[in-house]
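# Observations on chain architecture
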Amino acid sequence: MAEEVLKKSCLKCGGEMEEGLLPDYIGAFGIMPVWVKGGPEKGTFSSLKLASRKKLRVFTWRCIKCGFLESYAHDWKPRR
C-alpha cells in the first residue's frame, strides 16, 4: 500500500501520516486484521460464520502530529 500513496495528510490537522497496522493477537502470534463483508452471523460454539464471505486486509495510517488513525480495507499483496 505504501507504493500507492507516498505522502498522505491527516484529515483532522493536516499533519503527515505514516503507514502501520493494528495486529490482532492469538496467544503470542500477531495476525493481520481483516474486514468481512456483511453483518455478524452466528456460527457454531458462539463463533462467527466467515468461510464463504468476502475478506479484505485492513491497513491503518497514523498522524505523527495528532495521533489520528485512518483505516482502509484493501486486497493485500505481499511486498517483495
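Cut-offs used in this document
Residues numbered from 1 in each chain as written. Predicted model: local features only at pLDDT ≥ 70, side-chain atom pairs only at ≥ 80, totals over all residues. Heavy atoms only, no water. Pairing = 2+ DSSP bridges. Helix = DSSP H or I, 4+ residues; strand = E, 2+ residues; numbered from the N terminus. Salt bridge = Lys/Arg side-chain N within 4 Å of Asp/Glu carboxyl O. Buried < 20%, exposed > 50% of the residue type's maximum accessible area, 1.4 Å probe, protein only.

Another point: the pairing of strand E5 (residues 55-63). Where strand E1 (residues 17-20) lies against E5, four bridges are found, and the strand directions are antiparallel. Bridged to Met17 within E5 is Cys63. Bridge analysis of strand E4 (residues 34-36) against E5 gives three bridges, and the strand direction is antiparallel. Looking at E5, one finds that Val34 is bridged to Arg57. Of the strand pairs in this sheet, E5 and strand E6 (residues 69-74) are connected by six bridges, and their pairing is antiparallel. Looking across to E6, one finds that Arg62 is bridged to Leu69. Turn length for the E5-E6 hairpin, with the two strands adjacent in sequence and antiparallel, is five residues, and the turn residue Gly67 shows positive phi of about 85 degrees.

Moving on, we come to the pattern of salt bridges. Applying the stated criterion across every chain, the model contains two salt bridges. One salt bridge in this structure joins Lys8 and Glu70, with 3.3 Å as the shortest N-O distance. Of this pair, Lys8 sits in the segment before E1 while Glu70 sits in strand E6, placing them 62 residues apart in sequence. Owing to a relative accessible area of 18%, Lys8 belongs among the buried residues under this scheme. Between Arg62 and Glu18 there is a salt bridge, with the nearest N and O atoms lying 2.6 Å from each other.

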